[in-house]
Amino acid sequence: MKIYGSSFSPYARKVIAYCIEAGIDHELVSIGLGSPDPGFQAASPLGKMPAMEDDGFTLADSSAIIHYLEARHRPGLIPQDPQGLGKAVWWDEVADAELFGALQPAFFNRIVLPLFQRREGDMAAADRAMAGPVPKILDWLEAHMPEGDGWLLGERLTLADIAIASPLVNLRHAGGTLDAHPRIAAFAERLHARPCFASSIAWEERALAKIRG
Ligand SMILES: N[C@@H](CCC(=O)N[C@@H](CS)C(=O)NCC(=O)O)C(=O)O
């Protein structure tokens, strides 16, 4: 199976981490935003990453891809009981829309524009995001973190944990800290140390250091 995307994308990173946790063989075809790669263009009707191709079947959108893979391989990373399933979908949406939604202006203007596209970022927009929407969603998340070594949906790691952990990597890249959110910090440290995130984070940090010179 091919995954088209960049591990800097929280959505692509989520799919890659899911595949590693699930033990699903995959090849990352590394592309940039709006890539003309014909395989990516064929797999992603709206030109957004990630997209995938699996035995000739193409699909875009991180959540759609993960639900397809869960149905195809049954690794058990998404609960199948109605309530567990509903909660997993909900946490995935919180991660994609609320957490990364709040953070996106900071990541885009501090990292994507200046470092990847060599264009000036809107630092005021980045600072506004980091001063308002980001702490607001982090405050909420802090109050809903699992106790101790627990997981968001109970006793085992699920898509919910992978989905929330992924944009927390972008927070780190964008210069955000979790000093005021110790429970999220402990969760992030635990999740980001897992092989499913650790190697991509190390690669991303090396790439950023190289670009920054
Ligand atoms: N809901 C989509 C969001 C995908 C998305 O917005 N990806 C961004 C990169 S992080 C993208 O490709 N943006 C390019 C564009 O909007 O044209 C998913 O979960 O995959």
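Residues numbered from 1 in each chain as written. Predicted model: local features only at pLDDT ≥ 70, side-chain atom pairs only at ≥ 80, totals over all residues. Heavy atoms only, no water.

Enquirer: Which residues make up the domain arrangement of the chain, and what values do they have?
Expert: Assigned domains of the chain: these are domain 1 (2–73) and domain 2 (82–212). For domain 1 versus domain 2, the separation of C-alpha centres amounts to 19 Å. Taken together, the contacts link 15 residues of domain 1 with 28 residues of domain 2. Between domain 1 and domain 2, a total of about 1,800 Å² is buried, with carbon and sulfur atoms accounting for 66% of that surface. Here domain 1 is connected to domain 2 by four salt bridges. Its salt-bridge partner being Glu 21, residue Arg 194 comes within 2.7 Å of it at the nearest N-O pair. Broken down by secondary-structure element, the contributors of at least two residues to the side of domain 1 that touches domain 2 are α1 (10–22) and α3 (62–73). The dominant element in the side of domain 1 that touches domain 2, judged by the number of residues it contributes, is α1, at eight residues. A breakdown of the residues in the side of domain 1 that touches domain 2 according to their chemical character gives eight nonpolar, four polar and three charged. (Domains from an automatic or database assignment. Contact = heavy atoms within 4.5 Å. Buried area = accessible area lost by both parts, 1.4 Å probe. Salt bridge = Lys/Arg side-chain N within 4 Å of Asp/Glu carboxyl O. Helix = DSSP H or I, 4+ residues; strand = E, 2+ residues; numbered from the N terminus. Nonpolar A, V, L, I, M, F, W, Y, C, P; charged D, E, K, R; others polar.)

Enquirer: Could you give an account of the environment of Val 169, naming the residues involved and the relevant values?
Expert: Here Val 169 is to be found in helix α7 (residues 159–173). Along the primary structure Val 169 and Ala 186 are separated by 17 residues, whereas in three dimensions their C-alpha atoms are 13 Å apart. Beyond its immediate chain neighbours, meaning those up to four positions away, Val 169 contacts Arg 13, His 192, Ile 201 and Glu 204.

Enquirer: Can you tell me about the pattern of salt bridges, naming the residues and giving the values?
Expert: Inspection of every chain in the model, using the stated rule, returns nine salt bridges. In this structure, Asp 54 engages Arg 72 in a salt bridge whose closest nitrogen and oxygen atoms are separated by 2.6 Å. You can see Asp 54 sitting in strand β3 (residues 51–54) and its partner Arg 72 sitting in helix α3, a full 18 residues away along the chain. Note on Asp 54: relative accessible area 8%, which makes it buried. Put simply, Arg 72 and Asp 55 hold a salt bridge, and the shortest N to O gap is 3.4 Å. Of this pair, Arg 72 sits in helix α3 while Asp 55 sits in the loop between β3 and β4 (57–60), and the two are 17 residues apart along the sequence. (Buried < 20%, exposed > 50% of the residue type's maximum accessible area, 1.4 Å probe, protein only.)

Enquirer: Give a description of the packing of aromatic side chains that names residues and reports values.
Expert: Remark: the centre distance and the inter-plane angle together describe each pair of aromatic rings, the angle taken between the planes. Within the structure shown, the criterion is met by nine aromatic pairs. On the basis of an interplanar angle of 85° and a centroid distance of 5.7 Å, the ring pair of Tyr 11 and Phe 100 is categorised as edge-to-face. Of this pair, Tyr 11 sits in helix α1 while Phe 100 sits in helix α4 (residues 82–116), and the two are 89 residues apart along the sequence. Ring geometry for Trp 90 and Trp 91: centres 5.1 Å apart, planes at 75°, overall edge-to-face. We classify Trp 91 as buried; its relative accessible area is 6%. Following the ring pairs from residue to residue traces out a cluster consisting of Phe 8, Phe 116 and Trp 203. The ring of Trp 90 has Lys 87 sitting right over it, with the charged end atom 5.6 Å from the ring centre. One residue, Arg 190, lies across the ring of Trp 151, its end atom 4.6 Å from the ring centre. (Phe/Tyr/Trp six-rings, centres within 6.5 Å; stacked < 30°, edge-to-face > 60°. Lys NZ or Arg CZ within 6 Å of the ring centre and 35° of its normal.)

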